[in-house]
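Understanding the architecture of this molecule
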Amino acid sequence: MSNQPSLEELRVCLLDIANSPIAKRTHAAFLLRTEGSNEAATIIADALRVREDSSLMRHELAYILGQMQHDSVCPLLETILDDENDDVIVRHECAEALGAIGKEGSIDILQRYCSHEAPEIYETCQIAIDLINWKKSSQNVQKEHAHGGSRGEYLSVDPAPPVAVTAATKEATVEELQAKLMDAKASLFNRYRAMFALRNLNSDASAMALVTGFQDSSALFRHEIAYVLGQMQRSVTAEALSTVLRNLDEHAMVRHEAAEALGAIGGQVAVEVLTEFTHDKEQVVQESCHVALNIIDYWSAPTAEASE
Ligand SMILES: [Fe+2]
Ligand SMILES: [Fe+2]
């Protein structure tokens, strides 16, 4: 982009809940993430404090803070995780962000919420603790660097590092990872490790192996499956994601993630189903559909600015 907005312009846009459309504010938040400075993280943190904002926007902001990895925002993330009156999806994302930042000092609060009543919260806290402990072993971090670092081609800090692949052929690798992914007796952290390894294989076969994860009993697990399918952007998964979005009995967090994944994949199937749910009774779902449709527009009309 030739005329990149200043930090101040991005702050004004992000905090102007009344007048800036959510798609434009989401775009501003991602520009701040790319900018990456501590000052940019402070702007995101200020926006995350605004409780009147939607849970879609605030959970996205918490996610971005985890990705930016500035320790300075940990106290805010802890305060929100600790607030029983705040939104469960936002609190889940704060716990995940604490794991992504990876300070050992966060383990205490994460431990406390490992026995919380909401599975979205206690499962996330358990995974975050496993990640921090995993990173604590310098051997693990060395191995990670040997494999090109945790960000890989997807440029995301994942809640679990991809498991190393041992099978000899591509088909056997997918099978082996799928078995680990769906092993209900394994920890979610280890199942996530298989999930991110399947994502990194980035084939139609590995994407369809991930789709089987929608059968799992954990909503957190299913929402992560939808998230990685969005990262992979394989049109072969559009039907399965549409089925998730259409399922009104599914958790709103999973349907939201399916909507965003469809926005990343694009195409006719995605546009149709997203349009169908722009008035869903769950605010987080309807807003996700608007944002996703906007992203599809944005990419199919490269000269247009991302706004509603
Ligand atoms: Fe999430
Ligand atoms: Fe999300």
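Residues numbered from 1 in each chain as written. Chains lettered and ligands numbered in written order. Predicted model: local features only at pLDDT ≥ 70, side-chain atom pairs only at ≥ 80, totals over all residues. Heavy atoms only, no water.

1. Focus on the overall build of the protein
For clarity, the cut-off: Runs of H or I in DSSP of at least four residues are treated as helices and runs of E of at least two as strands, each being numbered from the N terminus. Computation of the radius of gyration draws on C-alpha atoms alone. For the globule rule, the value is 2.2 Å times the number of residues to the power 0.38. The buried label applies to any residue whose accessible area, calculated with a 1.4 Å probe on protein chains only, is under 20% of its type's maximum; exposed applies above 50%, and partly exposed to all values in between.
Tallying secondary structure elements over the protein gives 17 helices and zero strands in all. Taking 2.2 N^0.38 as the reference for a compact globule, 308 residues should give roughly 19 Å; the C-alpha atoms of the protein span a radius of gyration of 19 Å, in line with that estimate. Each of the three principal axes of the protein carries a C-alpha extent, and together these read 55 × 45 × 40 Å. Split into buried and exposed, the 308 residues of the protein put 53% on the buried side.

2. Focus on the layout of surface pockets
Put simply, the rule reads: Definitions used throughout: a 1 Å grid over protein atoms alone; a cavity as a set of points that fits a 1.4 Å probe which cannot get out; a pocket as an open set with protein on both sides within 12 Å along at least five of seven lines; a lining residue as one with an atom within 4 Å of a point. Grid points are joined across faces, edges and corners, and a volume is the space filled by probe spheres set on the points. Boundary definitions for the domains trace back to an automatic or database domain assignment.
The calculated volume of the largest pocket comes to roughly 1200 Å³. Of all the elements in the fold, those that place two or more residues in the lining of the largest pocket are helix H2 (22-35), helix H4 (55-68), helix H6 (88-101), helix H13 (219-232), helix H15 (252-265) and helix H17 (283-300). For the lining of the largest pocket, the element with the highest residue contribution is H2, accounting for seven residues. Taken domain by domain, the makeup of the lining of the largest pocket includes at least three residues from each of domain 1 (1-138) and domain 2 (147-308).

3. Points about the domain arrangement of the protein
Put simply, the rule is: By the convention used here, residues are in contact when the closest approach between their heavy atoms is within 4.5 Å. Salt bridge, as applied in this entry: a Lys or Arg side-chain nitrogen positioned within 4 Å of an Asp or Glu carboxyl oxygen. A 3.5 Å cut-off defines polar contacts: any pair of N or O atoms within that distance qualifies, except that in protein one atom must be a possible hydrogen donor and the other a possible acceptor, and neighbouring residues in sequence count only when both atoms are side-chain atoms. In this classification, the charged set is Asp, Glu, Lys and Arg, the nonpolar set is Ala, Val, Leu, Ile, Met, Phe, Trp, Tyr, Cys and Pro, and all remaining amino acids, among them Gly, are polar.
Entries for the protein in the domain assignment read domain 1 (1-138) and domain 2 (147-308). Between the C-alpha centres of domain 1 and domain 2 the distance comes to 20 Å. Contacts between the two partners involve 27 residues from domain 1, matched on the other side by 34 residues from domain 2. Run the count over domain 1 and domain 2 and you get zero salt bridges. The interface formed by domain 1 and domain 2 contains eight residue pairs in polar contact (both at pLDDT 80 or more). Tallying contributions element by element places helix H8 (residues 119-136) first for the side of domain 1 that touches domain 2, with seven residues. Considering only residue class, the side of domain 1 that touches domain 2 consists of eleven nonpolar, nine polar and seven charged.

4. Observations regarding unusual backbone geometry
One non-glycine residue, Gln69, lies in positive phi territory at about 60 degrees. Secondary-structure assignment places Gln69 in the loop between H4 and helix H5 (74-81).

5. Concerning the coordination of the iron ion (ligand 2)
What counts, and what does not: In this listing, donors mean N, O and S atoms no farther than 2.8 Å from the metal, or 3.2 Å for Na, K and Ca; water is missing from the atoms, so a site can look incomplete.
Distances from the iron ion (ligand 2) to its protein donors, His59 (NE2), His256 (NE2) and Glu257 (OE), fall within 2.1 to 2.3 Å. Between the iron ion (ligand 2) and the iron ion (ligand 1) the interatomic distance comes to 4.5 Å. In terms of burial, His256 and Glu257 fall into one category: buried.

6. Details of H17
We apply this condition: By definition here, a helix of n residues has an expected span of 1.5 Å times n minus one.
Along its 18 residues, H17 runs 26 Å from first to last C-alpha, staying within 8% of the 26 Å computed at 1.5 Å per residue. Restricting attention to buried positions, one finds in H17 the residues Val284, Val285, Glu287, Ser288, Cys289, Val291, Ala292, Leu293, Asn294, Ile296 and Tyr298. Of the surrounding secondary structure, the elements contacted by the buried residues of H17 are H2, H4, helix H14 (238-246), H15 and helix H16 (268-276).

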